[in-house]
Amino acid sequence: MPIKQLTETIINQIAAGEVIERPASVVKELVENSIDAGATRIEVVTAGGGKNLIRITDNGSGIRSDELALAVARHCTSKLTNDVHDIRALGFRGEALPSIGSVSRLSLKSRTFEADSGFEISIHGGRQDGPRPTPMNGGTIAEVRDLFFATPARLKFMKTDRAEASAISDVVKRIAIAFPHIRFSLAGSDRTPIELAATGAGSTGMLERISQVLGKEFPENAIAIDAERDGVRLTGFAGIPAFNRGNSLHQFAYVNGRPVRDKQIWGAIRGAYADGIARDRHPVVVLFLNLDPALVDVNVHPAKADVRFRDPGLVRGLIVGAIREALGQSGIRAATSGAEAMLHAFRLGGAEGSRAAPLHQNWRGSAAVNQNYSVEQSPYRPFEVEGALAADTRDGFAEPAQPFLYDVAQAVAADARGAATEASKELLSAPLGAARAQVHANYIVAQTEDSLVIVDQHAAHERLVYEALKNALHSRPLPAQMLLIPEIVDLPEEDVERLAAHAETLVRFGLGIEAFGPGAIAVRETPSMLGEIDAQQLVRDLSDEIAEHDTSNGLKGILDHVAATMACHGSVRSGRRLKPEEMNALLRQMEATPGSGTCNHGRPTYIELKLSDIERLFGRR
């Protein structure tokens, strides 16, 4: 078969296959062109999920009439100098407009502010018409109809109109976050209108724009990031670990203002939250990387979605270190979503699937009416002292002064009480307040000056033990307690070999083991801080963890999983009743430990309910 030169239309259609993946790709390219033109107002209108209509209107600088034909020609651009590594605009390849025009009916209208009128040029399936005069205001209107009509096979791979419309919304929101000074509007017959008003420049305007996209709760659960290393600057906002989502769609990364979906950046974000979030959950972050364009290659992907850094290790270290440092310096914080869920449960009258007992129902569960009713036998009577009900009632409904009817310390209102007297102001002013009670032998109820705090004692102590175990790797080993009689654990021979290979590392955790023949391990020491533990089960769990992560995560991954396993075995178990002093000591340790808002499995360790929220539940506000 002879070699021949492809036609310009075929060339553009091949390029469109790389650049124009779906309608959202068209919107991305056209909106980026509007931003590069200096627009402060961008309007997007779609129909049929973008397959029938995409119209982008902006108030940018416009295109001169003598340059319209060049604008729709391949590899023609005003955004690139002679140095391909010095890229400072969002677009630079000069392929978007001719690629779009080769697979759709494209109409491009534009007018500069100096011109007397606008001009329009059309491309239908690669055939060009114009330019010709047209009346319009300053700016540019790019209209795309019947996308992929020239390549019908591509339409078979499109998703539903709703799915495509949702993808367009995501693209516009991702771009809008990086440019808070620009007003964006998104409308059409296939969607609910979205209006993102301009918020201005600066960190305040940026945070306001982010709240427009991610919701009002994000600023309340986010921490500012600002770090720099070797000419690379990282800014943005990172959500606390307890504020997370079920997918990574709420992670936004930008390189020199360009939204990217880079695996290196996603991996760094995952690494920064590795100890504080569950494996199937994802943090909410918005990060901006700014660096010299010569240090990053944005020309490695036709759609410019991926980038390649000259020093990826520097970027990863900066992201991981900055996020961890910010989370550590922010102190202990609970996600507001936990309080919202609690308020929602209260408003529903209890947990989903359960029904609150009627107030008139007998407290023992019987709804039968007691015909022999007496106030002395009523379950709703107040606590009384002996003879209180026999007091003189000649004053009718008058309410004479009377002493306390019961001793607070004697009332059994919870599994354990934090204190029988008022807590000191010093404790109440602490972030987690003063322990007041322990309920269901698992949850500590604490009181601050303006809130109620509920702590999961097992999850909280698990985090504290985990952090102590990790610190033992970088400081002196943990104290160990020697067993009078070594405990022998029978294991398969390969498990014994794996544990014996890591025996020196386990000694730093306070766990002394040695091989006891080909199929057993002798446990001679256990960490003092773990107290009395099931050494048999601990050794078996450690063996499983090392076997699972020995080859994939390297030494650091093994150590993290070993520490997590030991922490789970040594933490305060659910069902253990704590003394008031123990409860307050646990709260103070949580306040002093970074990342104690979640356990090492990613579950929240406490929930805070503000007094104002409680008052709203009772109609006081």
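Residues numbered from 1 in each chain as written. Predicted model: local features only at pLDDT ≥ 70, side-chain atom pairs only at ≥ 80, totals over all residues. Heavy atoms only, no water.

Let us now look at the overall build of the protein chain. A count of helices and strands for the protein chain gives 19 helices and 25 strands. Within the protein chain, the proportion of its 621 residues that are buried is 44%. Within the protein chain, residue pairs in contact and separated by at least 24 positions form 67% of the contacts whose partners lie at least 6 positions apart. (Helix = DSSP H or I, 4+ residues; strand = E, 2+ residues; numbered from the N terminus. Buried < 20%, exposed > 50% of the residue type's maximum accessible area, 1.4 Å probe, protein only. Contact = heavy atoms within 4.5 Å.)

Now for the sheet that holds strand E2 (residues 53-58). Strands in a sheet are paired, the pairing made by backbone hydrogen bonds, and the direction either parallel or antiparallel. Strand order in the open sheet formed by 8 strands is E5-E4-E3-E6-E2-E1-E7-E8, and the pairing between neighbours is mixed. Edge positions in the sheet fall to strand E5 (127-134) and strand E8 (194-196), since each of these pairs with one other strand and no more. With strand direction ignored, the average angle separating the axes of adjacent strands in the sheet is 10 degrees. Where strand E3 (residues 105-111) lies against strand E4 (residues 118-124), 6 bridges are found, and the strand directions are antiparallel. Looking at the pairing, Leu-106 lines up with Ile-123 of E4. Packing of helix H2 (residues 23-36) onto the sheet brings it into contact with strand E1 (41-47), E2, strand E6 (139-145) and strand E7 (183-188), and relative to E2 it is tilted by some 10 degrees. In the packing of helix H6 (residues 161-178) onto the sheet, contacts are made with E1, E7 and E8, and the angle to E7 comes to roughly 175 degrees. (Pairing = 2+ DSSP bridges. Axes fitted to C-alpha atoms, helices over the stretch in contact; angles between N-to-C directions.)

Moving on: the packing of H6 against helix H7 (residues 202-214). For any two helices packed against each other, one specifies the inter-axial angle together with the distance between the axes. Relative orientation of the contacting elements H6 and H7 amounts to 165 degrees, with a least axis distance of 9 Å. Classified by the angle their axes make, H6 and H7 are roughly antiparallel. Taken as a pair, H6 and H7 cross one another with a handedness that is left-handed. Of the residues in H7, those in contact with Lys-173, Ala-176, Ile-177 and Ala-178 of H6 are Met-206, Arg-209, Ile-210 and Val-213. Partitioning the contact of H6 with H7 into residue classes produces 6 nonpolar, no polar and 2 charged. (Parallel < 35°, antiparallel > 145°, perpendicular 65-115°, else oblique. Left-handed = near helix turned anticlockwise from the far one by under 90°. Nonpolar A, V, L, I, M, F, W, Y, C, P; charged D, E, K, R; others polar.)

This next bit is on the pairing of strand E23 (residues 512-515). Judged from the 4 bridges that link them, E23 and strand E24 (residues 520-527) form a sheet pairing that is antiparallel. Note on E24: the bridge partner recorded for Glu-514 is Ala-522. Between E23 and E24, which follow one another and run antiparallel, lie 4 residues, and Gly-517 among them has a positive phi close to 85 degrees.

The 5 strands are arranged E9-E10-E15-E12-E13 in an open sheet whose pairing can be described as mixed. Since the sheet does not close on itself, it has two edges, and those belong to strand E9 (222-229) and strand E13 (258-260), each with one partner. Between one strand axis and the next, the sheet turns by 20 degrees as a mean value, whatever way the strands run. The sheet contact formed by strand E10 (residues 232-239) and strand E15 (residues 285-290) spans 6 bridges and is antiparallel. Its bridge partner being in E15, Gly-236 is matched across the sheet by Leu-287. Its contacts with the sheet place H6 against strand E12 (251-255), E13 and E15, and it is angled at close to 55 degrees to E12. Strands E9, E10 and E15 of the sheet are contacted by helix H10 (residues 312-329), whose axis makes an angle of about 140 degrees with E9.

Running from N to C, H2 and H6 point in directions that differ by 25 degrees, and their axes come no closer than 8 Å. Taken together, H2 and H6 sit at an angle that is classed as roughly parallel. The two elements H2 and H6 meet at a crossing, and its hand is right-handed. Residues Pro-23, Ala-24, Val-27, Lys-28, Val-31, Glu-32 and Ile-35 of H2 form the contact with H6, whose participating residues are Glu-164, Ala-167, Ile-168, Val-171, Val-172 and Ile-175.

Summarising the element assignment, Trp-266 is placed in helix H9 (residues 263-272). Not counting residues within four places of it along the chain, the set of residues in contact with Trp-266 comprises Gln-251, Phe-252, Ala-253, Val-260 and Arg-261.

Tracing the sequence through the fold places Asp-262 in the loop between E13 and H9. Buried charge Asp-262 goes without a salt bridge, the closest partner of opposite sign being Arg-308 at 7.9 Å. At 3.5 Å, the side chain of Asp-262 forms a polar contact with the backbone nitrogen of Val-307. (Lys, Arg positive; Asp, Glu negative; His and termini not counted. Salt bridge = Lys/Arg side-chain N within 4 Å of Asp/Glu carboxyl O. Polar contact = N/O pair within 3.5 Å; in protein donor to acceptor, adjacent residues only side chain to side chain.)

With that settled, consider the packing of aromatic side chains. Applying the stated criterion across every chain, the model contains 2 aromatic pairs. Ring plane angle 50 degrees and centroid distance 6.4 Å describe the contact between Phe-218 and Phe-243, whose orientation is recorded as tilted. On the criterion of sequence distance, the pair formed by Phe-218 in helix H8 (residues 217-220) and Phe-243 in the loop between E10 and strand E11 (244-245) is long-range, its members being 25 residues apart. The residues Phe-218 and Phe-243 share a single accessibility class, namely buried. Between the NZ or CZ atom of Arg-105 and the centre of the ring of Phe-149, over which it lies, the distance is 3.9 Å. One cation-aromatic arrangement involves Arg-174 over Phe-252; the distance from NZ or CZ to the ring centre is 4.4 Å. (Phe/Tyr/Trp six-rings, centres within 6.5 Å; stacked < 30°, edge-to-face > 60°. Lys NZ or Arg CZ within 6 Å of the ring centre and 35° of its normal.)

Before going further, it helps to examine H10. Between the first and last C-alpha of H10 there are 26 Å, a value that for 18 residues agrees with the 26 Å anticipated at 1.5 Å per step. Among the residues of H10, Leu-314, Val-315, Leu-318, Ile-319, Val-320, Ala-322, Ile-323, Ala-326 and Leu-327 are the ones counted as buried. The elements touched by buried residues of H10 are E9, E10, H9, E15 and strand E17 (308-309). Residue Gly-331 follows H10 closely and has a positive phi angle near 80 degrees. (Expected span 1.5 Å × (residues − 1).)

Formed by 88 residues in total, the largest nonpolar core has its most connected members in Phe-184, Ile-265, Leu-289 and Ile-319. At 9 residues, H10 tops the list of elements feeding residues into this core. When neighbours within four sequence positions are excluded, Ile-319 is seen to be in contact with Leu-234, Ile-265, Ala-268, Ile-269, Leu-287 and Leu-289. (Core = buried A, V, L, I, M, F, W, Y, C linked by side-chain atoms within 4.5 Å.)

Locating Arg-111 in the fold gives a position in strand E3. Under the relative-accessibility criterion, Arg-111 is labelled partly exposed at 22%. In contact with Arg-111, other than residues within four places in its own chain, are Ser-61, Gly-62, Asp-116, Ser-117, Gly-118, Met-136, Asn-137, Gly-138 and Gly-139. At 3.3 Å, the side chain of Arg-111 and the backbone oxygen of Ala-115 are in polar contact.

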